[in-house]
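Listed here are the chains, written in short residue letters.
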Protein chains: 4
Amino acid sequence: MLTINWKPDKESSIPLYKQIIDYSKDRMRNGEWTIGSKLPTQRELAKIFEVNRSTIVEALDELKAEGLIEGKSGKGTSIVNNTWSLLASISPPNW
Amino acid sequence: MLTINWKPDKESSIPLYKQIIDYSKDRMRNGEWTIGSKLPTQRELAKIFEVNRSTIVEALDELKAEGLIEGKSGKGTSIVNNTWSLLASISPPNW
Amino acid sequence: MLTINWKPDKESSIPLYKQIIDYSKDRMRNGEWTIGSKLPTQRELAKIFEVNRSTIVEALDELKAEGLIEGKSGKGTSIVNNTWSLLASISPPNW
Amino acid sequence: MLTINWKPDKESSIPLYKQIIDYSKDRMRNGEWTIGSKLPTQRELAKIFEVNRSTIVEALDELKAEGLIEGKSGKGTSIVNNTWSLLASISPPNW
DNA sequence: GTGGTCTAGACCACT
DNA sequence: GTGGTCTAGACCACT
């Protein structure tokens, strides 16, 4: 299980769910969140980040849509990392 | 009639109507917009600032509420400046 | 113009827009809000009730759907009361 | 789950939420959306129609008020069709 | 000026 | 997970 000691900035003009997405991607890029590792449950994440669980759902939805994580009902959410997607969001390749 | 060559920044995270309020207060503080001078019509302001007229109405509403301007139906809007109000919004007096 | 000195209860489990609908219907039933009288503007109601204008719009939408009020762009909202509709919503007649 | 391949026309002068209401009623009239079938989630509909979820909610609110659909927290929205209501909105009977 | 429409974002209740 | 509620902000049409 991943450990997290960070909170989104509620004063920031960047939406909470986007801050969470960015934070998660950073962790994956850094290799801190490796493929196969499991995320805390949505309820736990909500407590850790001190946001509503719906905000967590919104962030995870996007990460799922980008193929970075995978959630199976009742089995938690895991990193299925996709290096290409992450690289692409930094700077597009010039092939 | 006052001349204006400034536009709010549509990319800013500061709401358009707030940028317009701030800009107006600055002009009054600077003494560029003196008591008694008339503002362009709402429609003209909308064109000048490149925003919707409703956004102008919203900004003028607040300036009116603060007693800085006064609008009479069919007679345009004029500065009735209130130095105290403006000072107050910089730093509160310590009486 | 109707005078209002009431605010919805933000702590209540009843949604704000529903409290506003109920309050409005009560005023009409009591005959305090008579046919033809004009409501304050949506923006004023928002200030009076200390809610967002969207919440006002949501409440007025329902009253409109029930044929109790009528809103005209640029001309405000008026009571067009329908006694039958109001009675029906208290208790169904037993004919 | 119902399949949808249609989008409201953003250029139309008919409000988006009204287009969505009309489209939905047509589907029900045609018998394509049968009683008991489930609609996609509000968030999915928003993506499909390329509008904000609030616009979806506005449309569903009306369909709900007309008794055509029913939404249950955490359980999605289903068609509870009311043929009379639909017929009535095409042309009133001449009894 | 004002009602109407729409977007973006967030939280809650209930499952 | 999903419907329901609410806020803040902006634009448009019509007067």
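Residues numbered from 1 in each chain as written. Chains lettered and ligands numbered in written order. Predicted model: local features only at pLDDT ≥ 70, side-chain atom pairs only at ≥ 80, totals over all residues. Heavy atoms only, no water.

With respect to the protein's contact with DNA strand F
Alright, step 1. Near DNA strand F there are 38 residues, and of these A:Arg53, B:Leu16, B:Asn52, B:Ser54 and C:Leu16 occur at the shortest range.
Alright, step 2. Between DNA strand F and the protein, one listed contact pairs a phosphate oxygen with a side-chain N or O atom of B:Lys18 at 2.9 Å. (Near = heavy atom within 4 Å. Polar contact = N/O pair within 3.5 Å; in protein donor to acceptor, adjacent residues only side chain to side chain.)

Looking at the protein's contact with DNA strand E
Alright, step 1. What surrounds DNA strand E is a group of 38 residues, the closest being A:Asn52, A:Ser54, B:Arg53, D:Leu16 and D:Thr55.
Alright, step 2. When the atoms of DNA strand E within 4 Å of the protein are grouped by moiety, sugar and phosphate amount to 67% of the total.
Alright, step 3. At 3.0 Å, a side-chain N or O of D:Tyr17 approaches a phosphate oxygen of DNA strand E.
Alright, step 4. In terms of residue class, the surface near DNA strand E is built from 9 nonpolar, 17 polar and 12 charged. (Nonpolar A, V, L, I, M, F, W, Y, C, P; charged D, E, K, R; others polar.)

Concerning unusual backbone geometry
Alright, step 1. At B:Glu50, a position not held by glycine, the phi torsion is positive, near 55 degrees.
Alright, step 2. The class for B:Glu50 is partly exposed, based on a relative accessible area of 47%. (Buried < 20%, exposed > 50% of the residue type's maximum accessible area, 1.4 Å probe, protein only.)

Some remarks on the packing of helix α2 (residues 42–49) of chain A against helix α3 (residues 53–65) of chain A
A pair of packed helices can be characterised by two numbers: the angle between their axes and the separation between those axes.
All names here are of chain A.
Alright, step 1. Following both chains from N to C, one finds α2 and α3 inclined at 110 degrees, their axes separated by 8 Å at the closest point. Put simply, α2 runs roughly perpendicular to α3. In this structure, α2 crosses over α3, and the sense of that crossing is right-handed. Contact residues: α2 offers Gln 42, Arg 43, Leu 45, Ala 46 and Phe 49, while α3 offers Arg 53, Ile 56, Val 57 and Leu 60.
Alright, step 2. Residues belonging to the contact of α2 with α3 are distributed by class as follows: 6 nonpolar, 1 polar and 2 charged. (Axes fitted to C-alpha atoms, helices over the stretch in contact; angles between N-to-C directions. Helix = DSSP H or I, 4+ residues; strand = E, 2+ residues; numbered from the N terminus. Parallel < 35°, antiparallel > 145°, perpendicular 65-115°, else oblique. Left-handed = near helix turned anticlockwise from the far one by under 90°. Contact = heavy atoms within 4.5 Å.)

Overview of the packing of aromatic side chains
Residues and elements named next belong to chain C.
Alright, step 1. With the rule as written, the count across this model stands at 16 aromatic pairs over all chains.
Alright, step 2. On the numbers, 5.3 Å between centres and 85 degrees between planes, the contact of Trp 6 with Phe 49 is edge-to-face. Highlighted residues: Trp 6 in the segment before α1 (16–29) and Phe 49 in helix α2 (residues 42–49), separated in sequence by 43 residues.
Alright, step 3. On the basis of an interplanar angle of 85 degrees and a centroid distance of 6.2 Å, the ring pair of Tyr 23 and Phe 49 is categorised as edge-to-face. Of this pair, Tyr 23 sits in helix α1 while Phe 49 sits in helix α2, and the two are 26 residues apart along the sequence. (Phe/Tyr/Trp six-rings, centres within 6.5 Å; stacked < 30°, edge-to-face > 60°.)

Some remarks on the pairing of strand β2 (residues 76–79) of chain C
Two faces belong to every sheet, and in a regular strand the side chains alternate between them.
All names here are of chain C.
Alright, step 1. Of the two faces of β2, the one holding Thr 77 and Ile 79 is buried and the one holding Gly 76 and Ser 78 is not buried anywhere.
Alright, step 2. Both strand β1 (residues 69–72) and β2 contribute to a ladder of 4 bridges, which runs antiparallel. From the neighbouring strand, Lys 72 faces β2, where its bridge partner is Gly 76.
Alright, step 3. In this structure, the hairpin formed by β1 and β2 is closed by a connection of 3 residues, where Gly 74 is found at a positive phi of approximately 80 degrees. (Pairing = 2+ DSSP bridges.)

Some points on the side chain of C:Gln19
Alright, step 1. Along the polypeptide, C:Gln19 turns up in helix α1.
Alright, step 2. Apart from residues lying up to four places away in sequence, C:Gln19 is in contact with C:Trp6, C:Pro8, C:Asp9, C:Ser12 and C:Ile14.

Details of α2(A)
Residues and elements named next belong to chain A.
Alright, step 1. The complete set of buried residues in α2 reads Leu 45, Ala 46 and Phe 49. The buried residues of α2 all sit within an arc of 105 degrees when viewed along its axis, so they share a single face. In this structure, α2 carries Arg 43 and Lys 47 as exposed residues pointing more than 90 degrees from its buried face.
Alright, step 2. For α2, the elements touching its buried residues are α1 (16–29) and α3.
Alright, step 3. At the exit of α2 stands Glu 50, carrying a positive phi of roughly 55 degrees. (Arc of directions from axis to C-beta.)

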